[in-house]
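Each chain is listed here by its residues.
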Amino acid sequence: MLCKFGFDTHTPARRPSVVAVVAALGALAASAVLAQEAQLGEVKVTSTTIDDRFTSKRFDPSSIHDISGKTVDEKRPQNMVQILNAIPGITADLSSGDEIKIKLRGVENQRYMGEKPGVAIVIDGVPVFERTGKVNVDLDNIESIRVIKGGASYLFGEDALSGAVIITTKRGAKYAGFTAAADEGSWGYNRQQLRAGFAADWGSGHLQTTHRSSQDYYWQSAYKTDYIDGNFRLFLTDRSDLTVGFERSDRMKDKHGSVAGVNQAEVDPRGVLGRDYTRKYDVNLEKLNVTYSNDYSDKGNVMLLAYQYKDRTYYWSAPQRYTSTGAAVTAQDAYQYGNAYDQTQRGVKGEWRTSAGNLGWLAGLDLRANEYINLVKAITSFKNSPFSATVPLGSVTSDDFTKEDMAAVYGELKWAATNKLTVTTNARYDHSALDYRGNPLYNRATTVNKSKAFNVSSWRLGGTYAVEPQSDVFSNLSTGFRTPTAEQLYSGSVSPTGGTANNEDLKPEKSLTFEIGLRRRANLFGINTEIEAAVFQIERKDFILASSGQYSASGSATALASRYDNIGGARNRGFELSLKTDPKKSVWLDAAYSLIDARFTRYDNFLLALGNSNGTYNAACSMTGVGAANMANGTCYKTIAYNNTGKSLPRVPRHQLFTTFGWQAAADWIVRLEMDAKAWSWADEINQEKMPGRTLFNLHTTYDFRMPGTASNSKWQVFARVDNLLDRKYFTIVRGTNDTKSNLTNAYNGVYDSNDPSMTVGKPRAWTLGLTASF
């Protein structure tokens, strides 16, 4: 077990009783003293997929959390996790640097490669998906973040299985003037930012450039990002405007700092001895969006959006184990493949909203045209095992083009049934069409042409009830979906030697979420406090899973080849609590707590490989007898079959608590102490190895002042931050799948144990200092 690394690994707690939590919520609601009826007035629909100008959540039946750009700027984050931790239910993956895969309520936490995250990521109305499955955005260019939980495909369509994260970039007259900032920190971290903006009667805008780089704590894990972005708004009339936003980023990232097992983690926490599966990321992102908004009446609004988003990604993959002659390779920079990926997303959206009396409605149109180009070449000659066939230098193992066209209509109807009860219904219908072309490869002489279309409907039904003017109960049923990818449908065509067959009969994955919660503004001990609590259950049936198991050995052990199929099931349920006291007081507290129980309801077959899964399958492969050397050197492997039904999803802590204690030490001096606590979780799908829990503390402070001799409108701010204040040892991620080759002995041992999971050791205590000047 991972306790060898010095962590406590407790026995599993009992499953949370949803009934008990619902009863607790009911008691909390009932404790509110009934007062005058809430006066709803004119009903307005605030849902939108385009802009954040409609921000009210008072009568929304879903759990919604907002983070302002001011809060983001005050934290001076180095990655998105440092922002989103303040929201209950966030179960994001952070590898190193500023890379993050956002996940909600444990959905899709079993996956960690380049898959979609099960959350719709929307930036300035643009549905964003990167090749790495992660999200990258200029952290210095955030105006607001909104997190909508529950199935959210009724608004956002594809991949909103557990919710949506909507990021709006900076805009508006408040950024007029000039701002310069610079930070320095541990391991060579540095950041420089310049922004210039204007504001006039006819419009406003700004242009910003940001540079971040670091050698980082981990071996060969340096990263660098350069952003240039801007936003310009033209006031066409008193009621209409045209906004143009753009962002370009150039990102370079090397290793992620992973090590193989607890023994290496103890002696080599920076990963000097190991080789990550992928390296040398070079990512270029470009986003352009144009938005038109017209408040044509006091009740009505029309918004139109056109956008283009480009992602060009290149990286190395698959550390080379053997030369073309079968000799072992251990060189750090020896890799087998170069991966080039070019993705273009284009689309237009339109929304119309208005109201009449106690009814409000929204109608929307969403058109997308996406293109994906994938090219994988061997960058050296190699063998997968000492006695396998040689893959020659320059061999093309993947060369395909996928075109994805999508058209959707969606709408919302909000009805104020009484002064207390508001009912909301949503519906969306998506038609998507995939056209796939696989070009000839070194092991396939023919071109493959495939096409597939899907029609998917999604919906939400919910309501809010005003228990009293400051207390609302909300509840909803909502759905999410994700259509099969070309790689899942045509896996055997994409990679003819990958051991996974095509399955053109795949159906879209779907989720159903039930949620009930309470929003309340209360006076606790004389302090104004905002409370939001919710219980939820997410049901997923027939989600897409490889028939041999996720990331497991291909079906070499069986008569049937592995393929993707709708054979997976999972149920995620839990309780969330958010508490925020008045930040205008001299002392305040923010807290976000999550209790999550996530289990597979169907996962019948998982093949765990012992030995080199790229070698030759042999049921007699063993570490004993005359063939022991073959398993140790990776010539052969065997598998053990597991039934994971009923087991917990990996990397989903049962308990999470994030708190921020704030202190206004002086008029211009603020100190914040954060506590980030996570319980242990399973590191693998068979529930054998554990990822230990940990509690970290972070301290940051800001001091505002005016520099003598500068302009009266100038503002200066000094910033300091210490992460992992107590210098705790911990893991950021632990991922176990198969027996792996030890970086200490350079051999397989034919056993799956705590020395096999890939893991990243958390960084020790780190500091950041910064200065910002605004004129």
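Residues numbered from 1 in each chain as written. Predicted model: local features only at pLDDT ≥ 70, side-chain atom pairs only at ≥ 80, totals over all residues. Heavy atoms only, no water.

Novice: Quick one: what's the story with the overall build of the protein chain, residue by residue and with numbers?
Specialist: For the protein chain, the count of helices and strands is eight helices and 38 strands. Here the C-alpha atoms of the protein chain give a radius of gyration of 26 Å, agreeing with the 28 Å that 2.2 N^0.38 yields for 775 residues. With respect to the principal axes defined by its C-alpha atoms, the protein chain has extents near 85 × 60 × 50 Å. Looking at the protein chain as a whole, 56% of its 775 residues are labelled buried. In the protein chain, the share of contacts with a sequence separation of at least 24, taken over all contacts with a separation of at least 6, comes to 70%. If you sum the accessible surface of the protein chain, you get close to 30200 Å²; carbon and sulfur atoms cover 58% of it. (Helix = DSSP H or I, 4+ residues; strand = E, 2+ residues; numbered from the N terminus. Rg over C-alpha atoms; globule rule 2.2 N^0.38 Å. Buried < 20%, exposed > 50% of the residue type's maximum accessible area, 1.4 Å probe, protein only. Contact = heavy atoms within 4.5 Å. Areas by Shrake-Rupley, 256 points an atom, 1.4 Å probe, with all protein chains shown as cover.)

Novice: Lay out the state of the cysteines with the relevant residues and their values.
Specialist: A complete count under the given rule lists one disulfide for this structure. Here Cys-621 pairs with Cys-636 through a disulfide, and the sulfurs are 2.0 Å apart. Its S-S torsion of about 70 degrees marks the bond between Cys-621 and Cys-636 as right-handed, since a negative value means left-handed. With Cys-621 in the loop between strand 28 (616-617) and helix 8 (628-632) and Cys-636 in strand 29 (residues 636-642), this residue pair connects regions lying 15 residues apart in the sequence. For the residue pair Cys-621 and Cys-636, the accessibility class agrees, reading buried in each case. (Disulfide = S-S within 2.5 Å.)

Novice: Tell me what's going on with the sheet that holds strand 36 (residues 731-735), and back it up with residues and numbers.
Specialist: Strand order in the open sheet formed by three strands is 13-37-36, with antiparallel pairing between adjacent strands. This sheet does not close on itself; its edge strands, each paired only once, are strand 13 (258-260) and strand 36. With direction set aside, neighbouring strand axes in the sheet form an average angle of 25 degrees. Bridge count between strand 13 and strand 37 (residues 758-761): three bridges; the pairing is antiparallel. Opposite Ser-258, over in strand 37, you have Thr-760 as the bridge partner. (Pairing = 2+ DSSP bridges. Axes fitted to C-alpha atoms, helices over the stretch in contact; angles between N-to-C directions.)

Novice: Please provide a residue-by-residue account of empty space enclosed by the protein, values included.
Specialist: Taken as a whole and judged by the stated rule, the model has seven cavities of 30 Å³ or more. If you trace the second largest cavity, you find 32 residues lining it, with Lys-116, Phe-129, Glu-158, Asp-159 and Arg-368 closest to the centre. Looking at the lining of the second largest cavity, the elements that each hand over two or more residues are strand 4 (120-123), strand 16 (335-356), strand 17 (359-378), strand 18 (396-416), strand 19 (421-438) and strand 20 (448-468). Taken together, the residues of the lining of the second largest cavity break down into 16 nonpolar, seven polar and nine charged. (1 Å grid on protein atoms, 1.4 Å probe; cavity = no way out; pocket = protein on both sides within 12 Å on 5 of 7 lines; lining within 4 Å. Points joined across faces, edges and corners; volume = space filled by probe spheres on them. Nonpolar A, V, L, I, M, F, W, Y, C, P; charged D, E, K, R; others polar.)

Novice: Account for the pattern of salt bridges, with residues named and values stated.
Specialist: Once the charged atoms of two side chains with opposite charge are near each other, the side chains can pair. Taken as a whole and assessed by the stated rule, the structure comprises 55 salt bridges. Residues Asp-183 and Arg-76 are paired through a salt bridge, measuring 3.1 Å at the closest nitrogen-oxygen approach. Here Asp-183, found in strand 8 (residues 177-185), pairs with Arg-76, found in the loop between helix 2 (69-75) and helix 3 (81-84); they are 107 residues apart in sequence, far enough to count as distant. You can call Arg-76 buried: its relative accessible area is 7%. For Arg-312, the salt bridge goes to Asp-342, with nearest N and O atoms at 3.8 Å. Here Asp-342 lies in strand 16 and Arg-312 lies in strand 15 (residues 301-319), a separation of 30 residues in the sequence. Take Asp-342: its relative accessible area is 26%, and that puts it in the partly exposed class. Ionic contacts of the salt-bridge type, sharing partners, join the residues Glu-108, Arg-111, Asp-159, Arg-482, Glu-509 and Arg-540 into one network. (Salt bridge = Lys/Arg side-chain N within 4 Å of Asp/Glu carboxyl O.)

Novice: Provide a residue-level description of the packing of aromatic side chains, including the pertinent values.
Specialist: Taken as a whole, this structure holds 18 aromatic pairs when the rule is applied. On the numbers, 5.7 Å between centres and 40 degrees between planes, the contact of Trp-316 with Tyr-335 is tilted. Of this pair, Trp-316 sits in strand 15 while Tyr-335 sits in strand 16, placing them 19 residues apart in sequence. Classification of Tyr-335 by relative accessible area gives buried; the value is 2%. Taking 6.3 Å as the distance between ring centres and 85 degrees as the angle between the ring planes, the aromatic pair formed by Tyr-603 and Phe-606 counts as edge-to-face. Looking at Tyr-603, the relative accessible area reads 1%, which means it is buried. Directly above the aromatic system of Trp-680 lies the positively charged group of Lys-690, at a separation of 4.3 Å from the ring centroid. (Phe/Tyr/Trp six-rings, centres within 6.5 Å; stacked < 30°, edge-to-face > 60°. Lys NZ or Arg CZ within 6 Å of the ring centre and 35° of its normal.)

Novice: Any details on unusual backbone geometry? Residues and values, ideally.
Specialist: With a phi angle near 55 degrees, Gln-220 is a residue other than glycine that sits in the positive phi range. Its place among the elements puts Gln-220 in the loop between strand 10 (203-214) and strand 11 (223-235). Backbone geometry at Ala-318 places phi at a positive 65 degrees, although glycine is not the residue there. Locating Ala-318 in the fold gives a position in strand 15.

Novice: Requested: an account of the pairing of strand 25 (residues 562-581), with residues and values cited.
Specialist: Of the strand pairs in this sheet, strand 22 (residues 500-501) and strand 25 are connected by two bridges, and their pairing is parallel. Paired with Ala-501 across the strands is Arg-563, a residue of strand 25. Where strand 24 (residues 527-546) and strand 25 come together, 16 bridges link them in antiparallel fashion. The residue of strand 25 that forms the bridge with Phe-536 is Gly-574. Both strand 25 and strand 26 (residues 587-602) contribute to a ladder of twelve bridges, which runs antiparallel. Opposite Asn-572, over in strand 26, you have Ala-598 as the bridge partner. The loop that links strand 25 with its antiparallel partner strand 26 comprises five residues.

Novice: If you had to explain a nonpolar patch on the surface to someone new, which residues and values would you point to?
Specialist: Nonpolar side chains collect at one region of the surface, where Val-587, Leu-589, Phe-661, Trp-663, Leu-673 and Leu-699 lie side by side and expose about 470 Å² of accessible area between them. Of all the elements in the fold, those that place two or more residues in the nonpolar patch are strand 26 and strand 30 (655-666). For Leu-589, a relative accessible area of 33% corresponds to the partly exposed category. (Patch = residues over 30% accessible without salt bridge, like charges linked within 9 Å, V, L, I, M, F, W, Y side chains within 5 Å.)

Novice: I'd like to hear about the sheet that holds strand 1 (residues 64-68), residue by residue, with values.
Specialist: Spatially, the five strands line up as an open sheet ordered 1-6-7-4-5, and their pairing is mixed. Looking at strand neighbours, the two that pair on one side only are strand 1 and strand 5 (126-127), the edges of this open sheet. As judged from the seven bridges shared by strand 6 (residues 142-149) and strand 7 (residues 163-169), these two strands associate in the antiparallel manner. Looking at the pairing, Lys-149 lines up with Gly-163 of strand 7.

Novice: So what's going on with the nonpolar core? Residues and values would help.
Specialist: Ranked by size, the top nonpolar core spans 33 residues in total, and within it Met-80, Leu-84, Ile-142 and Ile-145 carry the most contacts. Mapped onto this core, the elements with two or more residues apiece are helix 3, strand 4, strand 6, strand 7, strand 14 (278-294) and strand 15. Ranked by residue count, the leading element in this core is strand 15, at five residues. Other than its neighbours up to four places away in sequence, Ile-145 contacts His-65, Asp-66, Ile-67, Val-72, Met-80, Ile-83, Leu-84, Val-165, Ile-166 and Ile-167. Core analysis: the next-biggest nonpolar cluster, separate from the first, contains 21 residues, Ile-538, Ala-570, Phe-600 and Tyr-752 among them. (Core = buried A, V, L, I, M, F, W, Y, C linked by side-chain atoms within 4.5 Å.)

Novice: So what's going on with the pairing of strand 8? Residues and values would help.
Specialist: Note: strand 8 against strand 9 (residues 190-200), eight bridges, orientation antiparallel. Considered in strand 9, the bridge of Gly-177 is made with Gly-197. Between strand 8 and strand 9, which pair antiparallel in sequence order, lie four residues; one of them, Trp-187, sits at a positive phi of approximately 55 degrees. In this sheet, strand 38 (residues 766-774) lies alongside strand 8 in antiparallel orientation, the contact comprising seven bridges.

Novice: Could you give an account of the confidence of the model for the protein chain, with specific residues and numbers?
Specialist: When pLDDT is averaged along the protein chain, the result is 87; 90% of the residues meet or exceed 70. For residues 3-40, every residue scores under 50 in pLDDT, and the model assigns this stretch 69 contacts once sequence neighbours within four places are set aside. Note that pLDDT drops below 50 for residues 555-560; the model gives that stretch nine contacts with residues more than four away or on any other chain. (pLDDT = per-residue confidence, 0-100.)

Novice: Run through the environment of Phe-454, naming residues and quoting values.
Specialist: Tracing the sequence through the fold places Phe-454 in strand 20. Under the relative-accessibility criterion, Phe-454 is labelled buried at 5%. Between the C-alpha atoms of Phe-454 and Gly-549, which are 95 residues apart in sequence, the distance is 25 Å. Residue contacts for Phe-454: discarding those within four places in its chain leaves Asp-430, His-431, Ser-432, Leu-434, Thr-483, Pro-484, Leu-489, Leu-506 and Pro-508.

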